[in-house]
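Architecture at a glance
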Amino acid sequence: PIAKCLQGTHEQLIATIIGWIDGDMDHLICWLNGPAGSGKSAVSQTVAELCDASGRLAASFFFLQGAGDRSRIAGLIPTLAYQLSISIPTTKPFIQLVLHTDPLIVRQALRHQFKKLVIKPILTVTDTNTTMTPMIIFVDALDECDNRELMAEFIEIIADAYRENCRLPLRVFFTSRVEEHLRKKLEAPAACSVIYLLALQDFDAANDIRKFFRHRFATIYEENHRLMRDVPWPWPSHTDLAALVRKASGSFIFAFTLINFVDDGADLPHQKLPIALAAHAGLDPLYTEVLSTAPRGEVLKRVIGTILLLKSDLSITSLGHLLQLNTAHLLQTLLGVQSILMIPGNDDEPVRLFHTSLRDFLMSKPRSGGFFIDPPARHLDILLDCLNSW
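Reading the values: the criteria
Residues numbered from 1 in each chain as written. Predicted model: local features only at pLDDT ≥ 70, side-chain atom pairs only at ≥ 80, totals over all residues. Heavy atoms only, no water. Disulfide = S-S within 2.5 Å. Buried < 20%, exposed > 50% of the residue type's maximum accessible area, 1.4 Å probe, protein only. Helix = DSSP H or I, 4+ residues; strand = E, 2+ residues; numbered from the N terminus. Contact = heavy atoms within 4.5 Å. Pairing = 2+ DSSP bridges. Right-handed = clockwise from strand over helix to strand, strands pointing away. Salt bridge = Lys/Arg side-chain N within 4 Å of Asp/Glu carboxyl O.

Per an unreviewed UniProt entry, the protein chain carries the name Nephrocystin 3-like N-terminal domain-containing protein and comes from Piloderma croceum.

All right, on to the state of the cysteines then. Tallied over the full model, the rule gives zero disulfides. No disulfide involves C30; its sulfur sits 11 Å from the nearest other cysteine sulfur, which is in C51. Judged by relative accessible area, C30 falls into the buried class, the value being 0%.

A few words on the side chain of S71. Its place among the elements puts S71 in the loop between β2 (57–62) and α3 (76–87). Apart from residues lying up to four places away in sequence, S71 is in contact with F63, L64, Q65, G66, E144, C145 and D146.

Counted residue by residue, strand β3 (residues 135–140) has six buried out of six residues, so it is predominantly covered. The two faces of β3 match: M135, I137 and V139 on one face and I136, F138 and D140 on the other face are all buried. Across five bridges, β2 lies against β3 in parallel orientation. By the bridge assignment, A59 is partnered in β3 with I137. Note that β3 and strand β4 (residues 170–176) share five bridges and pair parallel. Note on β4: the bridge partner recorded for I137 is V172. In this fold, the crossover linking β3 to β4 by way of helix α6 (residues 148–164) has right-handed handedness.

Turning our attention to the pattern of salt bridges. Within the structure shown, the criterion is met by 18 salt bridges. Of the charged contacts in the structure, one is a salt bridge between R56 and D22, with a shortest N-O distance of 2.9 Å. Here the residue R56 occupies a position in the loop between α2 (40–53) and β2, and D22 occupies one in helix α1 (residues 11–23), the gap between them amounting to 34 residues. Here R56 falls in the buried class, since its relative accessible area comes to 14%.

Rendered as structure tokens:
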């Protein structure tokens with residue numbers, strides 16, 4: 001599940017997006033962009049839930065790099081069409097008719113799919129219901145789609161659809177990092193007439209980060225009250241909290257990872273906080289600190305390298321079988337880095353990254369140094385592991 005915004009955070013940004021949904025009749029597409037870990041997906045999830053509560057959510061798709069079908073564009077339009085048939089039931093017979101008469105449409109060109117499965121059913125319904133309230137489609141993390149060319153094509157298809165059909169009662173909300181293949185399409189002169197651009201860094205996140213820290217540190221303090229009975233409140237102090245907010249520099253994934261590091265159970269929270277305070281600003285030093293203090297270094301590197309490079313997430317049981325590691329030993333290794341990996345509650349659920357910035361860090365030798373994971377070498381190791389476990 002995608003995390004949503006903590007109540008009371010990102011209020012100005014969310015109000016701006018709601019204003020676009022309710023009133024901007026010229027720009028029917030909104031692109032929220034921002035750096036890795038700045039909270040784009042949380043904002044998208046929060047606004048999508050608000051639209052769902054008011055009956056205006058048409059469909060949503062949240063891309064996630066390395067998560068099987070969620071990283072591939074092949075399922076995007078069929079998923080949107082399916083959800084559209086539920087949110088706007090009058091479109092269902094028209095979508096079903098297309099699938100019945102052309103069952104291979106999901107393998108055809110994206111433009112053809114979008115026209116037949118989304119545009120035409122919506123326009124057909126609109127012809128008989130001229131008062132339809134505009135509905136919203138959310139497509140999150142465009143940059144995490146594994147096919148850049150097809151994603152660029154999809155953006156072009158959406159922009160063309162709105163230029164050609166100004167009465168289309170659908171709006172589209174995109175989020176992504178600013179990557180060149182996306183920027184070229186979303187900021188193209190032809191697209192600018194229908195796209196509303198929002199940059200997350202234009203909204204001051206310092207107060208939101210401060211609220212997040214206060215909320216999470218208060219929870220840690222309450223849950224560890226016996227262990228922290230001699231630690232004065234407020235904890236952290238106002239000075240330390242201000243230092244943490246400065247270190248975060250608007251990055252929610254930095255704040256999230258730092259909290260997980262302090263609360264990972266490896267030591268008392270109030271003894272781990274000074275280590276976090278001493279780290280340089282930015283995610284790289286924090287990732288380095290977590291990996292440096294984790295046990296079973298070489299085994300951990302092998303495990304993380306496998307998790308990063310596999311096309312689909314594996315469970316702890318499946319990872320242990322592939323790597324020929326005892327499940328208990330593998331779990332012990334993973335628990336040492338639970339501040340940067342999502343460790344499931346049981347052995348048959350997948351292990352996932354908290355954020356794709358960890359992949360970026362570990363696959364850049366200048367950034368990760370001794371923790372660098374060389375993709376070609378690790379791919380060869382995975383091949384050998386597959387052959388050995390077969």
